[in-house]
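Spelled out from the first residue to the last, the chains are:
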Amino acid sequence: MTPFTVVIPVYNEEALLFPNTERLIAYLDPLGLEYEILIGSNGSTDLTPQLGEGLRQRFPQVNFLHMPERGVGRVFKTLVAQARYPAIVSIDMDLSTDFDFIPRALAMLQVGHVIVGVKKKGIQQRSWLRKLGSDIFVRAVRLLLDIEYDDYSITAKAYRTESVRRFLDVIDEGSSYVLSICYLIQRAGGEIIQVPVSCVDWRPSRFNLANEAIYKFRHLFRFWLKFRVDRLIRWLNVDSGQFS
Ligand SMILES: Nc1nc2c(ncn2[C@@H]2O[C@H](COP(=O)(O)OP(=O)(O)O)[C@@H](O)[C@H]2O)c(=O)[nH]1
Ligand SMILES: [Mg+2]
């Protein structure tokens, strides 16, 4: 199987950073594949930057970076630019989704450009409010854009590194980057495959959920406007750089 880069964005994760990275390494090492783990913090105000540096020194396969500005998409883009390997798997620091998403997604990247881990197709133990929020958003995306995926959260997603790099300068700098990537890659004729993923997540979110909701819908609306322009461009028959 392809060598791969695990990408983990973090914000104030001093409690989980060390133990969960060790758990992840204990899972990945026996797979016998070449890999690296890239952890990116932005805006963390706790001990995350110092602990991340400690992780980097202790484990040769771990790299850590810290940026002062917030914006989980901003750090994701930086990590994608730095990734050493052709496949990227992105998970959360709370390790709330099943580890076996990683080998399953890597196998599927032979065919797909993006693998979307879908919590609602697996066993999910999360608050009803989060499930409802995700459902409403998925329906809104289906209604406004021409894409039909079931999970735009940042966790349990896998990408061909080169496919995401094509769009790095236009991918969103907040948490809607998954939506941006799915939209742009589908539009360019890429293959996106959905797989069920199990998730246990009772931890309070690191995101401010009210602000997130406003931001996500605003971003969706902007995308919708752009989509209309795109349709006009296609109608006028202008080339938009398709995947071969
Ligand atoms: N780099 C970065 N990571 C973030 C930010 N906000 C949240 N995260 C990380 O994103 C991942 C998902 O956060 P989490 O609180 O589990 O989100 P939820 O359970 O999906 O609501 C975790 O690894 C967080 O540390 C941010 O502003 N910047
Ligand atoms: Mg979580």
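Anyway, here's the lowdown on the structure attached to this text. (Residues numbered from 1 in each chain as written. Chains lettered and ligands numbered in written order. Predicted model: local features only at pLDDT ≥ 70, side-chain atom pairs only at ≥ 80, totals over all residues. Heavy atoms only, no water.)

Quick notes on the site of ligand 1
Okay, so step 1: Near ligand 1 there are 19 residues, and of these Glu 13, Asn 42, Asp 201, Ser 205 and Arg 206 occur at the shortest range.
Okay, so step 2: In the environment of ligand 1, an oxygen atom lies 3.0 Å from a nitrogen or oxygen atom belonging to the side chain of Arg 70.
Okay, so step 3: Asp 94 is positioned such that a nitrogen or oxygen atom in its side chain is 2.9 Å from an oxygen atom of ligand 1.
Okay, so step 4: Listing elements by their share of the shell around ligand 1, those giving two or more residues are β1 (4-10), β2 (35-42) and α3 (72-82).
Okay, so step 5: In terms of residue class, the shell around ligand 1 is made up of eight nonpolar, three polar and eight charged. (Near = heavy atom within 4 Å. Polar contact = N/O pair within 3.5 Å; in protein donor to acceptor, adjacent residues only side chain to side chain. Helix = DSSP H or I, 4+ residues; strand = E, 2+ residues; numbered from the N terminus. Nonpolar A, V, L, I, M, F, W, Y, C, P; charged D, E, K, R; others polar.)

A closer look at the pairing of β2
Okay, so step 1: Across the eight residues of β2, eight count as buried, placing the element largely inside the fold.
Okay, so step 2: The alternating pattern of β2 places Tyr 35, Ile 37, Ile 39 and Ser 41 on one face and Glu 36, Leu 38, Gly 40 and Asn 42 on the opposite face, and all of these are buried.
Okay, so step 3: The sheet contact formed by β1 and β2 spans seven bridges and is parallel. Paired with Val 6 across the strands is Ile 37, a residue of β2.
Okay, so step 4: With helix α1 (residues 17-28) bridging β1 and its parallel neighbour β2, the resulting β-α-β unit is right-handed.
Okay, so step 5: Relative to strand β3 (residues 62-67), β2 runs parallel, the two being bridged by six bridges. Paired with Ile 37 across the two strands is Val 62, which belongs to β3. (Buried < 20%, exposed > 50% of the residue type's maximum accessible area, 1.4 Å probe, protein only. Pairing = 2+ DSSP bridges. Right-handed = clockwise from strand over helix to strand, strands pointing away.)

Honestly, that's just the spatial picture; any functional story needs more than this.
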